[in-house]
Every structure is written in structure tokens, then in C-alpha cells.
Amino acid sequence: MGAPGLVAETVWNTMESTRSVTEDQLSILHFLFGKNMERATRIVDQRGVKRISGEPSGRFVFQVVGESRRLEEYLCFPERYCACYSFFYDIVSRGDQLCCKHQLAARLGAALGVCINVKVSDEELAELLAKL
């Protein structure tokens, strides 16, 4: 993880411990992630982040709404992966971004404790993940 990733991780950890965000923290994240951070905050404000937890294992994945008119939902792991096109094009292929707006929205929603929590069986979670 490079310097930008370490700075972001410090901000996320502080937000998680306080369950709040300051203007300074938002400014830092916006500097690091640009328009993707703006889009992520809109998604969170519109309650577009679900945390889907399997029971009894407690394993989870995030499901984040896109911003297009189709309102597609993307499964993602905030620090590692998103099923959206932008993740593969901008992050994996071109390396232009550190992460996509869906990953940021999931991380922001989790840090602030504002995700919609959905509980499913471990079998249902496995079936959901198998579609990736």
C-alpha cells in the first residue's frame, strides 16, 4: 500500500472509531479519490449501501447501488474488489484510480454505521457470491 492508501486508511480508521466524519476528513478523502468520493457520498446519502451478512458464519459482502438510471446493484469488498465495469477498466486495467465509487460508498457507509443490514443464510450468501 502506497502513501495515499496509508493516509486513506488512517482517515477510515478514525471515522470507524468515532462513527462520524469531519469536513477535514472529507476533504482529505476527496483529494485522494476525487469525483469518486463525491459520488460515493451521494450513494450513502441515498441509503444505497447494503451489508449482506450470512448466518451463522457472520461473513459479509456489500451490495451498492449504482447511479445510472438502471439502478444496478454491485457486490463489492471495499478494500479488494467490485463487480462494476469501472473497477476493471479504471482500477485493474488502467490503474487510474485507487478504487471505484461503490467501494468508497461501502467503506463510508460501514465507517459511519449507516448501511442497511440484511441477514441471509450462509447458503444464500454463497449463492450470491457464486454469481460473481
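Structure shown above.
Bear in mind that the values here come from a model prediction, so they are computed numbers and not experimental data.

The rules behind the values
Residues numbered from 1 in each chain as written. Predicted model: local features only at pLDDT ≥ 70, side-chain atom pairs only at ≥ 80, totals over all residues. Heavy atoms only, no water. Phe/Tyr/Trp six-rings, centres within 6.5 Å; stacked < 30°, edge-to-face > 60°. Pairing = 2+ DSSP bridges. Helix = DSSP H or I, 4+ residues; strand = E, 2+ residues; numbered from the N terminus. Contact = heavy atoms within 4.5 Å. Axes fitted to C-alpha atoms, helices over the stretch in contact; angles between N-to-C directions. Buried < 20%, exposed > 50% of the residue type's maximum accessible area, 1.4 Å probe, protein only.

### Digging into the packing of aromatic side chains
Thought 1: Applying the stated criterion across every chain, the model contains five aromatic pairs.
Thought 2: An angle of 85° between the planes, with centres 5.5 Å apart, marks the rings of Phe87 and Phe88 as edge-to-face.
Thought 3: An aromatic cluster is defined as three or more aromatic residues linked by ring pairs; in this entry it consists of Tyr81, Phe87 and Phe88.

### Remarks on the sheet that holds strand β3 (residues 73–77)
The pairing of strands in a sheet happens through backbone hydrogen bonds and is either parallel or antiparallel.
Thought 1: Pairing is mixed in the open sheet, where five strands are placed in the order β4-β3-β2-β1-β5. Of all strands in the sheet, those bounded by a partner on one side alone are β4 (81–82) and β5 (116–121).
Thought 2: Here two bridges tie β3 to β4, and the two strands are oriented antiparallel to one another. Looking across to β4, one finds that Cys76 is bridged to Cys82.
Thought 3: Relative to strand β2 (residues 60–65), helix α5 (residues 101–112) is tilted by about 115°, and along the sheet it contacts β1 (49–55), β2, β3 and β4.
Thought 4: Where helix α6 (residues 122–130) meets the sheet, its contacts fall on β1, β2, β3 and β5, and the angle it forms with β5 comes to roughly 105°.

### Let's talk about unusual backbone geometry
Thought 1: Geometrically, the link from Glu55 to Pro56 is a cis peptide bond, its omega value of 15° lying close to zero.
Thought 2: With respect to the secondary-structure elements, Pro56 resides in the loop between β1 and β2.
Thought 3: Phi angles above zero are rare outside glycine, and Arg47 is one such case at about 55°.
Thought 4: Tracing the chain through its elements places Arg47 in the loop between α3 (35–45) and β1.
Thought 5: Judged by its relative accessible area of 48%, Arg47 falls in the partly exposed class.

### Description of the pairing of β3
Within a regular beta strand, the side chains point alternately toward one face of the sheet and then the other, so they alternate between its two faces.
Thought 1: Relative to β3, β2 runs antiparallel, the two being bridged by four bridges. Residue pairing in the sheet places Val64 in a bridge with Tyr74 of β3.
Thought 2: Between β3 and the antiparallel strand that follows it, β4, lie three residues.

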